[in-house]
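Summary of structural features
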Amino acid sequence: MNKVISIDESISHIKDGMTIMVGGFLGCGSPHKLIDALVESGVKDLTLICNDSGFVDIGVGKLVVNKQIKKLIASHVGTNKETGIQMNSGDMEVILVPQGTLAEQVRCGGAGLGGFLTPTGVGTVVEEGKEKMEIDGIEYLLELPLRADIALIAGERVDKYGNIVYYGATRNFNHLMAPAAEVTIVEAENVVEIGELDANDVVTPGIFVDYIVDGGANNG
């Protein structure tokens, strides 16, 4: 199977109303070309799972500004004023999740786990509507796993099977999201031949990657 496809073909997998995960931390490690193509496509009513809502002109913030997101699940939104505007107007539902909880929900989704117990959020608005358990005198919240129809992630070096090497902090949520979606698409800064990567450097195995977009090529 040839996993390397064009940006247009990759975005064609995303339909109105889908749930997507997008890697990155305030744009660092985000698949910027895929995001731009998704903005151009006009796909709407998306549920977006990500660490944050970026900035108005950087990262997933562009999707927010373009009003393509109906529901946002993220750990903070303060760097994008448009998120607050749409949240307060009721145009977009925003669910704020503690960052560590969000990361673990995504990890559980990829690992096939039924959820996890955490004391984070007990006694706050975070616990509203959630099951609570007491173990050895300590209260915990049951947090459920998160999965998506599509994950859009970014990698620094990716071989043609989909094995991914990340650069520094750009790993962030990308490696957690790769296994947590029905279809995972990676935007590669550099696409290399199979065998060129040192196996010790690979963080995300290619078995979790369905498609590869060459971010250094002229796709379209």
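A brief look at the structure comes next. A quick note: this is a predicted structure, and the numbers were derived from the prediction, not measured.

1. Notes on the environment of Gln-68
Along the polypeptide, Gln-68 turns up in the loop between α3 (61–65) and β4 (69–74). Here the alpha-carbon distance between Gln-68 and Leu-117, two residues 49 residues apart in the chain, equals 33 Å. Residue contacts for Gln-68: discarding those within four places in its chain leaves Leu-38, Val-39, Ser-41, Gly-42, Val-43, Lys-44, Asp-45, Leu-46 and Leu-63.

2. Things to note about the pairing of strand β3 (residues 46–49)
Look at any regular strand and the pattern is simple: side chains alternate between the two faces of the sheet. Because side chains alternate across β3, one face comprises the buried residues Leu-46 and Leu-48, and the other comprises Thr-47 and Ile-49, equally buried. Direction of pairing for strand β2 (residues 19–22) relative to β3: parallel, over a ladder of three bridges. Bridge pairing in β3 links Met-21 to Ile-49. Between the parallel pair β2 and β3, the chain is carried across by helix α2 (residues 32–41), and the sense of this crossover is right-handed.

3. Some words on the nonpolar core
The biggest cluster of nonpolar side chains holds 28 residues, and the ones touching the most others in it are Ile-14, Ile-20, Leu-38, Leu-48, Ile-69, Leu-72 and Leu-152. Counting residues per element, the ones that place at least two in this core are α1 (7–11), β2, α2, β3, α3, β4, β9 (148–159) and β12 (211–214). Examining the composition of this core, we find that four residues originate from one element, α2, more than from any other. Filtering out sequence-adjacent residues up to four positions away, Leu-38 remains in contact with Ile-11, Ile-14, Ile-20, Val-43, Leu-46, Leu-63, Gln-68 and Leu-152. Core analysis: the next-biggest nonpolar cluster, separate from the first, contains 24 residues, Ile-49, Ala-103, Val-209 and Ile-212 among them.

4. Side note on the packing of aromatic side chains
Evaluated as defined, the whole model comprises zero aromatic pairs. For the cation-ring pair, Lys-3 lies above Tyr-161, with the distance from its terminal atom to the ring centre recorded as 4.0 Å.

5. Considering a nonpolar patch on the surface
Taken together, Tyr-161, Ile-194, Ile-207 and Phe-208 make up a surface patch of nonpolar side chains, about 420 Å² in accessible area. Judged by relative accessible area, Ile-207 falls into the exposed class, the value being 63%.

6. Some details on the environment of Gly-215
Tracing the chain through its elements places Gly-215 in the segment after β12. For the pair Gly-215 and Ser-6, spaced 209 residues apart in the sequence, the C-alpha separation amounts to 9.5 Å. With sequence-adjacent residues up to four places away left out, Gly-215 is seen in contact with Lys-33, Glu-187 and Ala-188.

7. Some details on the state of the cysteines
For the structure on display, the rule yields zero disulfides. Among the cysteines around Cys-50, which has no disulfide bond, Cys-28 carries the closest sulfur, lying 14 Å off. Looking at Cys-108, it has no disulfide partner, and the nearest cysteine sulfur is the one in Cys-50, 19 Å off.

8. Re the side chain of Asp-52
By secondary structure assignment, the location of Asp-52 is in the loop between β3 and α3. This buried residue, Asp-52, is left without a salt bridge; Lys-62 holds the nearest opposite charge, at 13 Å. In this structure the side chain of Asp-52 is engaged in a polar contact, spanning 2.7 Å, whose partner is the side chain of Asn-51. Excluding residues that lie within four positions of it along the chain, Asp-52 makes contacts with Gly-24, Phe-25, Leu-26, Val-60, Ala-74 and His-76.

9. Considering the sheet that holds strand β7 (residues 132–135)
In spatial order, the strands read β6-β8-β7; together these three strands make up an open sheet with antiparallel pairing. The sheet is open, and its two borders are formed by β6 (116–118) and β7, each paired with just one other strand. Going from strand to strand, the sheet's axes swing by 40 degrees on average, the running direction of each strand aside. Helix-sheet contacts for helix α5 (residues 99–111) involve β6 and β8 (138–143), and the interaxial angle to β6 is about 170 degrees.

10. Let's talk about the pattern of salt bridges
Tallied over the full model, the rule gives eight salt bridges. Salt-bridge contacts for Glu-104 lead to Arg-107; the nearest nitrogen and oxygen are separated by 2.8 Å. Taken together, the residues Glu-104 and Arg-107, both in helix α5 and three residues apart, mark about one turn of the helix. Put simply, Lys-132 and Glu-127 hold a salt bridge, and the shortest N to O gap is 3.2 Å. On the accessibility criterion, Lys-132 (35% relative accessible area) is partly exposed. Put simply, Glu-127, Lys-132 and Glu-139 are held in one network by salt bridges that share partners.

Procedures and definitions
- Residues numbered from 1 in each chain as written.
- Predicted model: local features only at pLDDT ≥ 70, side-chain atom pairs only at ≥ 80, totals over all residues.
- Heavy atoms only, no water.
- Helix = DSSP H or I, 4+ residues; strand = E, 2+ residues; numbered from the N terminus.
- Contact = heavy atoms within 4.5 Å.
- Buried < 20%, exposed > 50% of the residue type's maximum accessible area, 1.4 Å probe, protein only.
- Pairing = 2+ DSSP bridges.
- Right-handed = clockwise from strand over helix to strand, strands pointing away.
- Core = buried A, V, L, I, M, F, W, Y, C linked by side-chain atoms within 4.5 Å.
- Phe/Tyr/Trp six-rings, centres within 6.5 Å; stacked < 30°, edge-to-face > 60°.
- Lys NZ or Arg CZ within 6 Å of the ring centre and 35° of its normal.
- Patch = residues over 30% accessible without salt bridge, like charges linked within 9 Å, V, L, I, M, F, W, Y side chains within 5 Å.
- Areas by Shrake-Rupley, 256 points an atom, 1.4 Å probe, with all protein chains shown as cover.
- Salt bridge = Lys/Arg side-chain N within 4 Å of Asp/Glu carboxyl O.
- Disulfide = S-S within 2.5 Å.
- Lys, Arg positive; Asp, Glu negative; His and termini not counted.
- Polar contact = N/O pair within 3.5 Å; in protein donor to acceptor, adjacent residues only side chain to side chain.
- Axes fitted to C-alpha atoms, helices over the stretch in contact; angles between N-to-C directions.

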